[in-house]
Amino acid sequence: TDALFVSTASAMEAETAGATLDWSSYPPRVKTRPGEAAVLESAWADRLDDHPRIATSLEAVRRLMTTLEGESLLAAVVTGPWTLGHQLFGDRWPDHLDAVAGRALEQCSQVCAKLAGSFCEAGCHLIIVQEAIRPKPENADHARWMAAMTPVRNTLTFHKSPLILLVTGDSDGSDPK
């Protein structure tokens, strides 16, 4: 096997903030949002590795690294910061940015960077950041989005892991499918 994907962007990051998911289809969609206080809590990123779905994914990477003995590339997909913000705030995103001075986007960025780093530390060779939505380049929010990607790029540079940005939806800010 040339490559194995050990995790996909399945809203597990939103779940760690307290969102509940609708598993009637895959990927699951956010059913209830956690509320602003949970998202803005600074310890949110620190709890990521303890969440059951994330801990299981990280353990799978560790075991595959041992089993495959470097014969296959291991890749993980994490939810990008803009999409994560939309999952947590719904239709209020990105208008909500002004109300909290960008703190929510900063938190989403830190969560994305932390999870990407955790996958690298567990043994992943490649991280794909999936954005189901993102602002158009001519949109004023595009600079905020680019800035939010900086911690992710820095984390992956530190781990010497390539970053692939996968934009799966339109760049018009519409609801991700």
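Refer to the structure presented above.
Treat the numbers as computed from the prediction; the structure is a model and nothing was measured. Along each chain, residues carry numbers from 1 onward, in the same order as the chain's sequence is written. Given that this is a predicted model, residues contribute local features only at a pLDDT of at least 70 and side-chain atom pairs are listed and counted only at 80 or more, while totals for whole chains, interfaces and linings are drawn from all residues. Side-chain numbers here rest on the full set of heavy atoms in the structure, without hydrogens or water.

## Focus on the pattern of salt bridges
The rule for a salt bridge is simple: a side-chain nitrogen of Lys or Arg has to be within 4 Å of a carboxyl oxygen of Asp or Glu. Per the stated rule, a full pass over the model turns up six salt bridges. A salt bridge links E15 to R53, with the shortest nitrogen-to-oxygen separation between them at 2.8 Å. One end of the pair, E15, is in helix α1 (residues 12–16); the other, R53, is in helix α3 (residues 52–68), with 38 residues separating them in the sequence. Think of it in three bands: residues with accessible area under 20% of the maximum for their type are buried, residues over 50% are exposed, and the middle band is partly exposed, with areas taken using a 1.4 Å probe on protein chains only. Accessibility expressed as a relative area gives 21% for R53, which makes it partly exposed. Across the salt bridge formed by E59 and R62, the nearest N and O atoms sit 3.4 Å from each other. With E59 and R62 both in helix α3 and three residues apart, this pair spans about one turn of that helix. Here E59 falls in the partly exposed class, since its relative accessible area comes to 32%. By relative accessible area, which is 39% here, R62 ends up partly exposed. Because the salt bridges share partners, they merge into one network encompassing E59, R62 and R63. Numbering goes from the N terminus for both helices and strands, where a helix is a DSSP run of H or I of at least four residues and a strand is a run of E of at least two.

## So, the side chain of S57
Mapped onto the elements of the fold, S57 is located in helix α3. Within the local environment of S57, its side chain forms a polar contact with the backbone oxygen of R53, the two atoms lying 3.1 Å apart. Any two residues whose heavy atoms approach within 4.5 Å are treated as being in contact. With residues near it in sequence (within four places) discarded, S57 still touches V6, S7, M12 and F119. The term polar contact refers here to a pair of N or O atoms within 3.5 Å; inside protein, the definition further demands a hydrogen-donor-capable atom paired with an acceptor-capable atom, and it admits residues adjacent in sequence only when both atoms are side-chain atoms.

## Describing helix α7 (residues 141–158)
Any helix carries an expected span of 1.5 Å times its number of residues minus one. Between the first and last C-alpha of α7 there are 27 Å, a value that for 18 residues agrees with the 26 Å anticipated at 1.5 Å per step. To get the bend at any residue, fit one axis to the seven residues that end at it and another to the seven that begin at it, then take the angle between the two axes. Helix geometry: α7 is bent most strongly at T150, by close to 25°, with proline P151 lying one to four residues after it. Restricting attention to buried positions, one finds in α7 the residues D141, H142, W145, A148, M149, V152, T155 and L156. Phi for K160, located one or two positions after α7, is positive at around 55°.

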